[in-house]
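Coordinate analysis (summary)
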Amino acid sequence: MAWDEWEQLKSDALQRRQDSAQMQLNSVDAGSGGTYGPFVVPSQFGVLKASQKDLATIGKSAHTLYNELWDKARVAVVGSDSAAADLSKQGFALGAGLQHVSTRWEEQLKSLMDACAHIANHMHVTKNVHAGDDDYIARQTSSIAVLDAGFDERVGAPGEPNSVYGEQSKKKE
């Protein structure tokens, strides 16, 4: 958000406060597209769904990128370091600049490779965790079905008085 936008928002809020003598609760306008809060209706926005195939594809892509960065992007570091050392030995100031660029390149490359490794590992772990969650949910719901069946021990037909309790005596007159 730019500074002028912030100033405009502050002046608009001040104007609204001065125009209204009543108390106002701050809230997000329902049509603003915000999805945070207790009033979010999941069916309105859809259900988050990621299959194991999707997660595996993302993890594989991150791993492939990591390997390609390791094999191809690191090649520039060795050549740049060598050229920087040679230029510095010859007294060129460009050698120190090239060494600085090479060092920054290697730092950024390592950062990117770490991010790729993190994504690949996270997708692998996520796949295993959610598979375990799915198994757990299936076990719990099957247990509920067994428990529910135990409560369905009718002796008579639905709507009929239960004969186990005997006949109801007539009310005293």
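Right, let's walk through the structure included here. (Residues numbered from 1 in each chain as written. Predicted model: local features only at pLDDT ≥ 70, side-chain atom pairs only at ≥ 80, totals over all residues. Heavy atoms only, no water.)

**Description of the packing of helix α3 (residues 52-73) against helix α4 (residues 75-89)**
Selection rule: Helix axes are fitted to C-alpha atoms over the stretch in contact, other axes to C-alpha atoms as well, and angles between N-to-C directions run from 0 to 180 degrees. Helix and strand definitions here come from DSSP, where helices need a minimum of 4 consecutive H or I residues and strands a minimum of 2 consecutive E residues; each element is numbered from the N-terminal end. Roughly parallel here means an angle under 35 degrees, roughly antiparallel means over 145, roughly perpendicular means 65 to 115, and every remaining angle is called oblique. When checking whether two residues touch, look at their non-hydrogen atoms; a contact exists if any pair is within 4.5 Å. Each residue gets one label: Ala, Val, Leu, Ile, Met, Phe, Trp, Tyr, Cys and Pro are nonpolar, Asp, Glu, Lys and Arg are charged, and the others, such as Gly, are polar.
The geometry of α3 relative to α4 is characterised by a closest axis approach of 5 Å and an angle of 25 degrees between their N-to-C directions. The pairing of α3 with α4 is recorded here as roughly parallel in orientation. Taken together, the residues of α4 that come into contact with α3 (itself represented by D71, K72 and A73) are V75, A76 and V77. Classifying every residue of the contact of α3 with α4 by side-chain character gives four nonpolar, no polar and two charged.

**With respect to the nonpolar core**
Spelled out, the test is: The criterion is simple. A nonpolar core is a set of buried Ala, Val, Leu, Ile, Met, Phe, Trp, Tyr and Cys residues joined through side-chain atoms within 4.5 Å. The rule is simple: take the accessible area with a 1.4 Å probe, protein chains only, and divide by the maximum for that residue type; under 20% is buried, over 50% is exposed, in between is partly exposed.
L69, A73, L109, M113 and C116 form the largest nonpolar core, which has five residues in total. Elements represented by at least two residues in this core include exactly α3 and α5 (94-150). The element that contributes the greatest number of residues to this core is α5, accounting for three residues. The contacts of L69, once residues within four sequence positions are left out, are R74, L109, L112, M113 and C116.

**Quick notes on the environment of W105**
Filter applied, for reference: In the analysis that follows, any N or O atom pair within 3.5 Å is treated as a polar contact, provided that within protein one partner can donate a hydrogen and the other can accept it, and provided that, for residues neighboring in sequence, both atoms belong to side chains.
In this structure, W105 sits in helix α5. For W105, a relative accessible area of 43% gives the class partly exposed. Residues W105 and R74, spaced 31 residues apart in sequence, show a C-alpha to C-alpha distance of 9.0 Å. Separated by 3.2 Å, the side chain of W105 and the backbone oxygen of A73 make a polar contact.

Shape descriptors only; they carry no functional weight alone.
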